[in-house]
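One letter stands for each residue in the lines below.
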Amino acid sequence: MEFRSYLVRRLAMLVPVLFGVTVLIFLLLQLFSPIERAALYVKNPAQFQHIDEIIAQYGLDAPIWNQYITWMNEIFHGNFGWSRVVSLPVTEAIGKFLPATVELALFATPLIIIGGIFFGSKAAANKDKFFDHATRFGAIIGWSLPTFWLGLVLLMVFYGYFNGLLPPERLSTEMSIVVNSSEFVRYTGINFLDGIMNGNWQVFWDSIRHMILPVITLTVVNIAFIMRLMRSSMLEALGKGYITTARAKGLTENIVVNVHARRNALIPVLTISGFLFASIVNGVVITETIFNYKGLGWWAWQSAVQIDIPSILAFALFNGVLFVVTNTVVDLLYARIDPRIRVGGKAS
């Protein structure tokens, strides 16, 4: 009952927060001229020849609150404007590029979180021993590597030196023809899943082969942070009084570490992991650009370079909403793990 009340309060808070996100983005939009803002209401390229009519139709020179209402009305009807970069309505562009980014997140996020928790826990349990020193050394190197540098090195080695063993992009030319043919059904837009659902294992393995280098790049850089956070959190938990009590009761070190200490140490890691997943789903600009992996990050980069205002604003709005929702989910999980959260920080 107590958790249900907390759930209702957190969901109710979503409304003003999302309202604030839209207001902030709309205010940034006002920095552009009415002619530039008119691109947000264009539904096909032919309308670019009639910008004055669009300004009059959508009241882009009207009071700002009227413009906000008009803009939100278009947003609720799925009209985010026209993306000049990919010559598609922005909503279709998001639908086209989101599966590629989700594909990367589905593989990279579990590796980062599970690997970071495992190595961080082991390092804390073996403090100042060889495993701890080796893990910390690896974490410092991984966290220090620039993403673009690591991606380029991996490409040079596994694509250049080994004659195309692990190539960039999402699929080979042959498999791209297959997935775009009428015989291949696009259920999700996620290549490896669609390959399984169509029973086409060539598409499945080809998509996996193309994902290996981007996933490694994301994992190496981000696992180091989770690992260091988990180690610090575990060391703090292992110094608590209840751990001393557990050891005094004769519990094995394995139970003390994995059952009693790890659960409390997971709380800060859980918070960061939620935002990590949201960051990857929002589009990993550098990684997708280096590997020409056409997901949301690649699209955002191309839109920024070509000053495609509707695409940039839609990307910002998508980011804002995703982070707000992710933050709410993390808060609910946080409260589930630590009941003190539900009663305002007082021990229950």
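Since the structure is predicted, the reported quantities are computational estimates derived from the model, not experimental observations.

## Concerning unusual backbone geometry
At step 1: Phi is positive for Ser-87, close to 55°, though the residue is something other than glycine.
At step 2: Examined against the element boundaries, Ser-87 turns out to sit in the loop between strand 1 (82-83) and strand 2 (88-89).

## Concerning helix 1 (residues 2-29)
Helical periodicity: at 3.6 residues per turn, an α-helix aligns residues three or four positions apart in one direction.
At step 1: Taking 1.5 Å of rise per residue, the 28 residues of helix 1 would be expected to cover 40 Å, and the 41 Å separating its terminal C-alpha atoms lies within 8% of that figure.
At step 2: Within the sequence span of helix 1, burial applies to Tyr-6, Arg-10, Leu-14, Val-21, Thr-22, Ile-25, Phe-26 and Leu-29.

## Some points on helix 12 (residues 253-281)
At step 1: In helix 12, a bend of some 50° at Arg-262 exceeds every other bend along the element.
At step 2: Every buried residue of helix 12 is listed here: Val-256, Val-257, Ala-261, Ala-265, Ile-267, Val-269, Ser-273, Gly-274, Leu-276, Ala-278, Ile-280 and Val-281.

## Focus: the packing of aromatic side chains
At step 1: Within this structure, the stated rule accounts for 15 aromatic pairs.
At step 2: Centre to centre, the rings of Phe-26 and Trp-71 are 5.6 Å apart; their planes meet at 35°, and the pair counts as tilted. One end of the pair, Phe-26, is in helix 1; the other, Trp-71, is in helix 4 (residues 64-76), and 45 residues separate them in sequence. The pair formed by Phe-26 and Trp-71 is uniform in burial state, with each residue classed as buried.

## Comments concerning the UniProt feature "transmembrane region" (unreviewed entry) in the protein chain
At step 1: The feature "transmembrane region" (unreviewed entry), as annotated in UniProt, sits at residues 12-32, 104-125, 137-162, 211-230, 265-291 and 311-334 in this numbering.
At step 2: The span residues 311-334 is 100% helical and 0% strand by assignment, and the distance between its end C-alpha atoms comes to 34 Å.

Definitions and cut-offs
Residues numbered from 1 in each chain as written. Predicted model: local features only at pLDDT ≥ 70, side-chain atom pairs only at ≥ 80, totals over all residues. Heavy atoms only, no water. Helix = DSSP H or I, 4+ residues; strand = E, 2+ residues; numbered from the N terminus. Expected span 1.5 Å × (residues − 1). Buried < 20%, exposed > 50% of the residue type's maximum accessible area, 1.4 Å probe, protein only. Bend = angle between axes of the 7 residues up to and from the residue. Phe/Tyr/Trp six-rings, centres within 6.5 Å; stacked < 30°, edge-to-face > 60°. UniProt positions renumbered as here; feature names shortened; annotations may be inferred.

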